[in-house]
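The lines below spell out each chain.
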Amino acid sequence: MAQSSTAHKKLNLLQVYRGIAAVLVVMFHLTDMSAERLNQVTFFNLFQAGWSGVDYFFVLSGFIMVYVHRSAIGKKDQLKSFLVKRAVRIYPIYWIMTLTVLCFFLVIPGFANNKDLGLGQVIVSLLLIPQNDKPILDVGWTLIYELYFYFLFSIAIWFKPKHSVPILSTWLFVTILHFCKIINFPKSFFLLNQLFGNMNLEFVLGCLAAYMVIKYNNKIGKYRWILFGIANLGYVILGMVVAWGNIEFERVTTFAVLAAMLIIAATSIDLKESPKIPAILIFLGDASYSIFLTHGPLISASTKILQKANLAKYFDGFFAPALLAVFAVVFGCIFYSLIEKPLTVFLRKNIVERMFRPKAEGRI
């Protein structure tokens, strides 16, 4: 998912878990597509709950917004800067991948899985507008939620707290009622289900996690390693139960809560101890957005080619999928190094910095 530039001390443990979350999503899609197209169980279904990586991304986004951008709350003059930085971070790389996938689908329609490739669908996919179906690039559905959260946070920036608090509190109240199934919207009302959807509460958990760190870090710090251990162990146990117990959990009250605990503990550890972490793990976190965007088309195309070529019998349950997973992660890292990183740096220097350069500096 998208990172956030910050003048704060870099929280390396959060970055490491960002990379882990991206790998979990890769493994989940690999498990899912192998079962669906090749009738093959991979890694003993151990990564059946790999979708929980998305929950970590959502909670982390809420945390970053409050932890990094809290000084912008109630200051409408900072809204433009906030939105431009978010757009520059999210859209360009997403557009590159969406247009690449679109071209591939147009050249080889059989790989499109009956997706609507009309002009209207292309536009709403590129703009990440809430829609009834998934965008052309499947993982774009998560970015739609991400942008909606940015919109909600923009309300907190644009209005003074005396106005934004009632607005956001009303939204949260309706969202909680919907989560508790006191209010139900028909599935056809996809926009309402988006605006008040359960997944939005994961961003709220992230905001609460940031508040806890800011307000009570000294108290939390005493128990940081215990909390860190509980969160990690909880993830492992829940993942195993999902994988082998064939039990479905409500993700907000399980994996998202664990993600909030993990983020609180990891932040406290980073702030108090600054543990030394191998550079490769931090790099994996840096490349997580590229890995997240690129892995789906690669795994989808690979498994579909194997399916159409009747080569599924050569795709075993461990070595072949492990090779494909490594390829997907490495490709994402290369994409990050050659495309995402230089393009983001270029756009920041030539768009963000120029747009918001102090006027006095412009006169020199």
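Scroll up for the structure.
Residues numbered from 1 in each chain as written. Predicted model: local features only at pLDDT ≥ 70, side-chain atom pairs only at ≥ 80, totals over all residues. Heavy atoms only, no water.

So, about the environment of Leu83. You can see Leu83 is positioned in helix H3 (residues 79-107). Overall, Leu83 belongs to the partly exposed group, its relative accessible area being 38%. (Helix = DSSP H or I, 4+ residues; strand = E, 2+ residues; numbered from the N terminus. Buried < 20%, exposed > 50% of the residue type's maximum accessible area, 1.4 Å probe, protein only.)

Formed by 96 residues in total, the largest nonpolar core has its most connected members in Leu14, Tyr56, Phe63, Leu128, Ile291 and Leu293. At 13 residues, helix H1 (residues 12-38) tops the list of elements feeding residues into this core. Residues within four places of Ile291 in sequence aside, it is in contact with Ala22, Val26, Leu284, Val329, Gly332 and Cys333. Formed by six residues, the second largest nonpolar core is a distinct cluster that contains Tyr148, Leu152, Trp171 and Val204. (Core = buried A, V, L, I, M, F, W, Y, C linked by side-chain atoms within 4.5 Å. Contact = heavy atoms within 4.5 Å.)

Okay, the side chain of Glu146 next. Locating Glu146 in the fold gives a position in helix H5 (residues 140-158). Within the local environment of Glu146, its side chain forms a polar contact with the side chain of Ser61, the two groups lying 2.5 Å apart. (Polar contact = N/O pair within 3.5 Å; in protein donor to acceptor, adjacent residues only side chain to side chain.)

The subject of this paragraph is the packing of aromatic side chains. With the rule as written, the count across this model stands at 26 aromatic pairs. Taken together, a centroid distance of 5.4 Å and an interplanar angle of 75° make the contact between Phe43 and Phe318 edge-to-face. Residue Phe43 is found in the loop between H1 and helix H2 (52-69), and its partner Phe318 is found in the loop between helix H12 (288-308) and helix H13 (319-355); the two are separated by 275 residues along the sequence. Residue classification places Phe43 among the buried positions, given a relative accessible area of 8%. Note that Arg70 overlies the ring of Tyr67, its terminal NZ or CZ placed 5.6 Å from the centroid. (Phe/Tyr/Trp six-rings, centres within 6.5 Å; stacked < 30°, edge-to-face > 60°. Lys NZ or Arg CZ within 6 Å of the ring centre and 35° of its normal.)

With that settled, consider the side chain of Thr42. Its location among the elements puts Thr42 in the loop between H1 and H2. Classification of Thr42 as buried rests on a relative accessible area of 0%. In contact with Thr42, other than residues within four places in its own chain, are Leu30, Thr31, Ser34, Phe315, Asp316, Gly317 and Pro321.

Such coordinate-based values are descriptive only and should not be taken to indicate function.
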